Amino acid sequence: MRRRTSPLIAPSILAADLSRLREEVEAVVRAGADWIQVDVMDGWFVPNLSMGPLMVETVKCCVSVPVGVHLMILEPIRYVEQFHDAGADLLIVHPEATNNLHRTLQRIRELGIRAGAALNPATGPEALDYCLSELDVILVMTVNPGFSGQSFLATMLPKIRAVRDRIDRSGYSISLEVDGGVNAQTSAHVLAAGADILVSGSGIFKHPPYDEVIGRMRSG
Ligand code: DX5
């Protein structure tokens, strides 16, 4: 799959003002966001508890763009039906969090939604080599997951390039997503390394006006 000419921008509501969630997601969609990212955390796989299927349902009631759900939880297969039923359009799981990555990805696709896998900073692209046929998205984490507002790990840029190369050589139609400290300053480096999709929480929600910051991130 050739890279998109224009990257997709996915604001993460982890950094939004959740007391005004409808206003916030409507505002970023008006400002050009392509989809909304919901970061689910279980306090075990990552050191934070965040949100669950109800939050996905709520976002789906507010906007019509797709909702990507990043499951930073142990054994995510336990919850794929619930998040599908809540309206998730994409479910991203971690190879570090399951003994059954291939089966989990198959289950997500059986439900008719897109399947993704996220790589923590210490995990190499080879972890996904035997799952490429089951993947629609590979997410390269550029922070250690758990919180928004962390600093971008530039040491992950070679990994983004390596994943880009693996995807291009695989022949599969897989999008390359990057998440963690992605903002108007780091987006150019991430796009140059081969990203198709930028996830950003604080880079967008803490830096209004949203149309300007989303435009700057998209142009790199
Ligand atoms: C993992 C989360 C965060 C979030 C974006 O901690 O997945 O990366 O989406 O947070 P920012 O863009 O503020 O780093």
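The structure under discussion appears in the preceding block.
Bear in mind the structure is a predicted one, so any value in this text is a computation, not a measurement.

A. Quick look at helix H5 (residues 157-170). If you check H5, its first and last C-alpha atoms are 20 Å apart, about what 14 residues at 1.5 Å a residue would give, namely 20 Å. Taken together, the buried positions of H5 are Leu157, Lys159, Ile160, Val163, Arg164 and Ile167. Down the axis of H5, the smallest arc covering the buried residues is 155°, so these residues share one side. Taken from the residues just after H5, glycine 171 is the one with a positive phi, measuring 80°.

B. The pattern of salt bridges, seen in detail. Within this structure, the stated rule accounts for 14 salt bridges. As a salt-bridge pair, arginine 107 and glutamate 110 come within 3.0 Å of each other at their nearest N and O atoms. Of the two residues, arginine 107 and glutamate 110 are both situated in helix H4 (residues 101-110); the distance of three residues between them amounts to about one turn of the helix. For aspartate 165, the salt bridge goes to arginine 169, with nearest N and O atoms at 2.8 Å. Linking aspartate 165 with arginine 169, this pair stays in helix H5, spanning four residues, or about one helical turn. On the accessibility criterion, aspartate 165 (38% relative accessible area) is partly exposed.

Cut-offs used in this document
- Residues numbered from 1 in each chain as written.
- Predicted model: local features only at pLDDT ≥ 70, side-chain atom pairs only at ≥ 80, totals over all residues.
- Heavy atoms only, no water.
- Helix = DSSP H or I, 4+ residues; strand = E, 2+ residues; numbered from the N terminus.
- Expected span 1.5 Å × (residues − 1).
- Buried < 20%, exposed > 50% of the residue type's maximum accessible area, 1.4 Å probe, protein only.
- Arc of directions from axis to C-beta.
- Salt bridge = Lys/Arg side-chain N within 4 Å of Asp/Glu carboxyl O.

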